[in-house]
Each structure stands twice: as C-alpha cells, then as structure tokens.
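Spelled out, the chains give:
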Amino acid sequence: MRRTAPAVLFYIVYLDLDLWSISPQAVHKIGRGGDGVVLVIVGAVLGMMIFLTGLRTMTFALRTMSGQRIEWVLRHFTTHPLAALATGAAVTALTQSSSGTAAAAVGLVDAGLLGLEQAFAVILGANVGTTLTGQLLSLKWQPFAPFAICLGGLLFCAKRDSSLGRAGAILAGVGGLLWGIELVGLALRPLVALPFLTALVLRWETDLYSGILAGIVLTATVQSSSAAIGLVLALAKEGLVGLYGGMAVVLGSNVGTVLTTLAASIGTKKEARQTAGGDLFFNALGVLVFAPLFPYFLLLLRLTSKDPMHQIANGHTIFNIISAVIALPCIPFLAGLMRRIVQR
C-alpha cells in the first residue's frame, strides 16, 4: 500500500500549479508555432500522467483490499457461463482493469484452475465492467476532484495500513481520474487552431477505419483502454471530436486492450494462449460485425443524450453489453475454434 503514497502526494503538489489556465494568446502562439505548443504538450502530458496515476492508485488500492479474493471469486463463481460473465463484470467494475481481469483469467487457465469456456465468459464480463470508468468521467464531477484528492490523501496519511486508509487511496484515485482528464481537456483546447489536427480529427469523423486504427494504436501505446476512452471524452468535451469519430476510436480501443492479454499469455500453456487468442478474436469480430451497422448505432446513441460525452460513454457500454449477450451462447463454438487454431 506504500506505493500509493507518492501518487497521492503527486496530486496535492500539482493542485497548486498554474499550468492549466491556457490564455487566448496561447491559441495565437500555437497558430504561429510559438511557445504555446510547448505549453499544450506539457499540460496534456501532465494531465494524462495524473489520470493514469489516479487509475493505478485506485486499482492498486482496490486490489489490496480484495487481496487474493479476486482469484478465489473467479474460481468459485464461474461454473455457469452467465455467472462467469457477471463475475467478470463485477470484478472489473471493482478493480477497473479489464486487462487485469483477463490476465488473471489467463493465469488461472494456465494453472488448470479455470476452463477455457469459463475464461471466455469472464473476459466478456470484463469488457462490460470496464465501461464504468467512461460513465464516471462523463458525469462531469470534475469540480469535486480536488476535494476528493485532498480528503483521500489525508485519510491515507492518517490511517495508511487500515481499511480507512485504503478507502482514502481509492477516493484520491477517483479524484485523480477526474482531475487529470479535466486538465487534459483544458490543455488540448487551443489545438482547434492547428489545421493538421483539425484535418486528422475530421478524418476520424468521416472514415470509420481510421478512427478504429487510431483507437488501437492509442490503447496499445498507453496500455490502458480506460485512458484511451478518457482522452476521447476529454476531446469530446472540448468539441474537438464528435460522436462518429469518438465512437470509432472507442471501438479501436476494444481491440487494442487485448495486447495486454496476449503479452500475459507468452510462455504459458496452450490453454492460456487459446484464452488470449479467443479474447482477440471476440473483440476484433465484434468491431467488424458492428462496422456495417455503425450509422444506425449512432442514431440510437443520439437518443440516449444530447451531450456527446454521454453519448460516447453510453455507446461504449451498450456496445460491450450487446456484444457480450450475442457472444455468450457462442462460447462453446469459440472454444472449439481456438483449440483447433492453437494446438501447441
């Protein structure tokens, strides 16, 4: 739990820095290639660092509180596919790491404690559970983030090795998530003055597969689908990306997050590699199936809210729920296919 202390202090220090009040003059500097570019890059990087540190702090604190119970739950509450799906969703919602849940499933399969069909159902549930972060960010609780960070930091410092201290770390982590994305949005606001960025985002808004590729690359780079979704929501909040482009990147992030599972399967038994391969197959197939229906899907999302941030967050949730419901009955077929493909 001591590893969370630097993260909590990191937030408190950066709360007092005035790097985020980007003036209108910075926009003109960016247009002329001046110092404003440096300000935007520094602001965006620091904001993303705070977001990622918040995510890691919250995840680590949650895992510390749960201890070895996550693996115990995955072993004992996954006997039925529907139960395994619900368990995967619940565990991921609590730990906010679909990659961690999928990697745990791969490890349990490798140890012979979980069957291939069970692991697939858990991974389907993990894809649903991870959408909670996007929903949290879309609620626009950012004004409360500094208070959450400070209160969480005080609780952690006062009761470090207790449940109250861990709860404080979780609270500070949530505050870091909200505060980091707010700062990223503020830093990126002047980028609307850059013609090449406008052209890039416009391509996402007109070319579905460009947006999907961007989502894959972004998620693979930061090794966190939650961070990729958070960045998209920050861009949407500032009006830099619309529903079409934002959802295209979200679909790509669903594929990019599988790379962590694939890395966890390296050097493991064939059953664990079959699990990782099934994760990739399911996520990629889900995106390909949705692609022709994408315009109709966007019409549905526009009915859920008038706010692009909410629309994108809702789209992330709805897409993963529909995909999981459709794929759940197909798990025996997918397991058989993976057994034929990965035989060594």
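Just so you know, these numbers come straight off a predicted model, no measurement behind them.

A. Structural view of the nonpolar core. Leu208, Met247, Leu251 and Ile312 are the most contacted members of the largest nonpolar core, which has 36 residues in total. Here this core takes 7 residues from helix H14 (residues 243-256), the largest share from any one element. Aside from chain neighbours lying at most four places away, what touches leucine 251 is Leu208, Ile212, Val287, Phe294 and Phe319. Among the nonpolar cores identified, the runner-up in size contains 23 residues, and Ala119, Phe120, Ile331 and Leu337 belong to it.

B. A look at the packing of aromatic side chains. Inspection of the entire model under this criterion finds 3 aromatic pairs. Between phenylalanine 290 and phenylalanine 297 the ring centres are 5.2 Å apart and the planes differ by 80 degrees, which places this aromatic pair in the edge-to-face class. Exposure class is identical for phenylalanine 290 and phenylalanine 297. Each is buried. Taken together, a centroid distance of 4.6 Å and an interplanar angle of 80 degrees make the contact between phenylalanine 290 and phenylalanine 319 edge-to-face. Linking phenylalanine 290 in helix H16 (residues 270-290) with phenylalanine 319 in helix H18 (residues 308-327), this pair joins segments that are 29 residues apart in sequence. Of the residues examined, phenylalanine 290 reaches a relative accessible area of 10% and is grouped as buried. Chaining the aromatic ring pairs together yields one cluster made of Phe290, Phe297 and Phe319.

Reading guide: rules and limits
The numbers attached to residues start from 1 for each chain and follow its sequence in the written order. It should be noted that, the model being predicted, local features are given only for residues of pLDDT at least 70 and side-chain atom pairs only at 80 or more, the latter also being counted only at that level, while totals for whole chains, interfaces and linings use all residues. With hydrogens and water stripped out, all remaining heavy atoms of the structure feed into the side-chain values. Each nonpolar core is a collection of buried residues, namely Ala, Val, Leu, Ile, Met, Phe, Trp, Tyr and Cys, held together in the definition by side-chain atoms within 4.5 Å. Buried residues are those whose accessible area, probed at 1.4 Å on protein chains only, stays under 20% of the maximum for their type, while exposed residues exceed 50% and partly exposed ones sit between those limits. Going along the chain from the N terminus, every DSSP run of H or I of four or more residues is numbered as a helix, and every run of E of two or more is numbered as a strand. When checking whether two residues touch, look at their non-hydrogen atoms; a contact exists if any pair is within 4.5 Å. Two aromatic rings, drawn from Phe, Tyr or Trp (for Trp, its six-membered ring), form a pair once their centres lie within 6.5 Å of each other, and the interplanar angle then sorts them: stacked below 30 degrees, edge-to-face above 60, tilted otherwise.

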